[in-house]
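So you can see what is in the structure, the chains are spelled out below.
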Amino acid sequence: QIQVVESGGDSVQAGGSLRLTCEISGYRYWTYCLAWFRQARGKAREAVAHIDGDGTTKYTSSVRGRFTISQDFAKRTVYLQMTDLKSDDSATYYCAADFRMKVCPSLSEDNFEHWGQGTQVTVSS
């Protein structure tokens, strides 16, 4: 079966950078949506960024210009490069994948087929 595993979470100072990695195994699809979500303490889960098989990306407004989602087809890996981190970025970050999708949906859509277990990001001031 398809498995999703995140890594790279850490504790960093405000203004620092961090790259999250998501390894996805067990698929050979060419059309899909890959996404990063996050959930902070006491808050609902929210989509951070999407990328589809054509490389089209989208970002939630709070991270636009600071975060970059990318993928490596050969390594079956999706990344989230985070820069200029703020305390409000502290959260558990989840990778999600859906191979039913030809393109990524609205950022408000969270009905993804496959989810990782999450990786913790803590930003201190």
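Above this text sits the structure in question.
These numbers were taken from a predicted model, which means no experiment stands behind them.

Caption draft 1: Broad picture of the nonpolar core. Formed by 30 residues in total, the largest nonpolar core has its most connected members in Ile24, Trp36, Val78, Leu80, Met82 and Tyr93. For this core, the secondary structure elements donating two or more residues are strand S3 (18-25), strand S4 (33-39), strand S5 (46-52), strand S7 (67-72), strand S8 (77-82), strand S9 (91-98) and strand S11 (119-124). Ala47, Tyr94, Met101 and Phe112 belong to the second largest nonpolar core, which has nine residues in total.

Caption draft 2: Highlighting the pairing of strand S1 (residues 3-7). Of the two faces of S1, only the one carrying Val4 and Glu6 is buried; Gln3, Val5 and Ser7 on the other face are not. Pairing of S1 with S3 involves five bridges; the strand directions are antiparallel. By the bridge assignment for S3, Val4 is matched with Ile24.

Caption draft 3: Quick look at the sheet that holds S8. The strand order across the open sheet formed by four strands is S1-S3-S8-S7, and the pairing between neighbours is antiparallel. Each edge of the sheet is formed by a strand with only one pairing partner; in this case those strands are S1 and S7. The average undirected angle you get between the axes of adjacent strands in this sheet is 15 degrees.

Caption draft 4: Molecular detail of the packing of aromatic side chains. For the structure shown, the criterion picks out four aromatic pairs. The interplanar angle of 65 degrees and the centroid separation of 6.0 Å between the aromatic rings of Tyr32 and Phe99 together place this pair among those described as edge-to-face. One end of the pair, Tyr32, is in the loop between S3 and S4; the other, Phe99, is in the loop between S9 and strand S10 (114-115), with 67 residues separating them in the sequence. An identical accessibility class is assigned to Tyr32 and Phe99; each is buried. Seen from their ring centres, Phe37 and Trp115 are 4.8 Å apart, and the 50 degrees between their planes marks the pair as tilted. Taken as a pair, Phe37 in strand S4 and Trp115 in strand S10 lie far apart in primary sequence, 78 residues in all. Relative accessible area serves as the criterion here: at 2%, Phe37 is assigned to the buried category. Feature note: the residues Phe37, Phe112 and Trp115 constitute an aromatic cluster, connected by ring pairs. Taking NZ or CZ as reference, Arg45 lies 5.7 Å from the ring centre of Phe37, over its face. Over the face of the ring belonging to Trp115 we find Arg45, whose NZ or CZ atom lies 4.0 Å from the ring centre.

What counts, and where the lines are drawn
- Residues numbered from 1 in each chain as written.
- Predicted model: local features only at pLDDT ≥ 70, side-chain atom pairs only at ≥ 80, totals over all residues.
- Heavy atoms only, no water.
- Core = buried A, V, L, I, M, F, W, Y, C linked by side-chain atoms within 4.5 Å.
- Buried < 20%, exposed > 50% of the residue type's maximum accessible area, 1.4 Å probe, protein only.
- Helix = DSSP H or I, 4+ residues; strand = E, 2+ residues; numbered from the N terminus.
- Pairing = 2+ DSSP bridges.
- Axes fitted to C-alpha atoms, helices over the stretch in contact; angles between N-to-C directions.
- Phe/Tyr/Trp six-rings, centres within 6.5 Å; stacked < 30°, edge-to-face > 60°.
- Lys NZ or Arg CZ within 6 Å of the ring centre and 35° of its normal.

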